[in-house]
Amino acid sequence: MAGETESKKAKMEATPAPLLAPYKMGNFILSHRVVLAPLSRLRSYNFVAQPHAVLYYSQRTTKGGFLIGEASGISDTAQG
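What this report covers is the structure whose coordinates are included nearby. Keep in mind that this is a model prediction, so the values were computed, not measured.

## A word on the environment of lysine 24
Within the element layout of this structure, lysine 24 appears in strand β1 (residues 23-25). A polar side-chain atom of lysine 24 sits 2.4 Å from the main-chain carbonyl oxygen of glycine 26.

## Some points on the side chain of histidine 32
Within the secondary structure layout, histidine 32 lies in the loop between β2 (28-30) and β3 (35-36). Separated by 3.1 Å, the side chain of histidine 32 and the backbone nitrogen of valine 34 make a polar contact. In contact with histidine 32, other than residues within four places in its own chain, are Leu19, Leu20, Ala21, Pro22, Thr62, Gly64 and Gly65.

What counts and what doesn't
- Residues numbered from 1 in each chain as written.
- Predicted model: local features only at pLDDT ≥ 70, side-chain atom pairs only at ≥ 80, totals over all residues.
- Heavy atoms only, no water.
- Helix = DSSP H or I, 4+ residues; strand = E, 2+ residues; numbered from the N terminus.
- Polar contact = N/O pair within 3.5 Å; in protein donor to acceptor, adjacent residues only side chain to side chain.
- Contact = heavy atoms within 4.5 Å.

Right under this line is the structure:
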């Protein structure tokens, strides 16, 4: 019985969690399935991304990850 428990434990440790497993999405091969959803441009001037956005997004991305960088409101009253 101890052998079965050790075997199951070893199998669980060797199998990555689905969230952290590589994933092919169309032409993209992602290193994991964590995706940063679109952000808004509320901190930008006139809805145009500013130079500081490079630093902001570089702090939130990972190699082989997928980050949807920007989203725009559909009207002036849809800005939250």
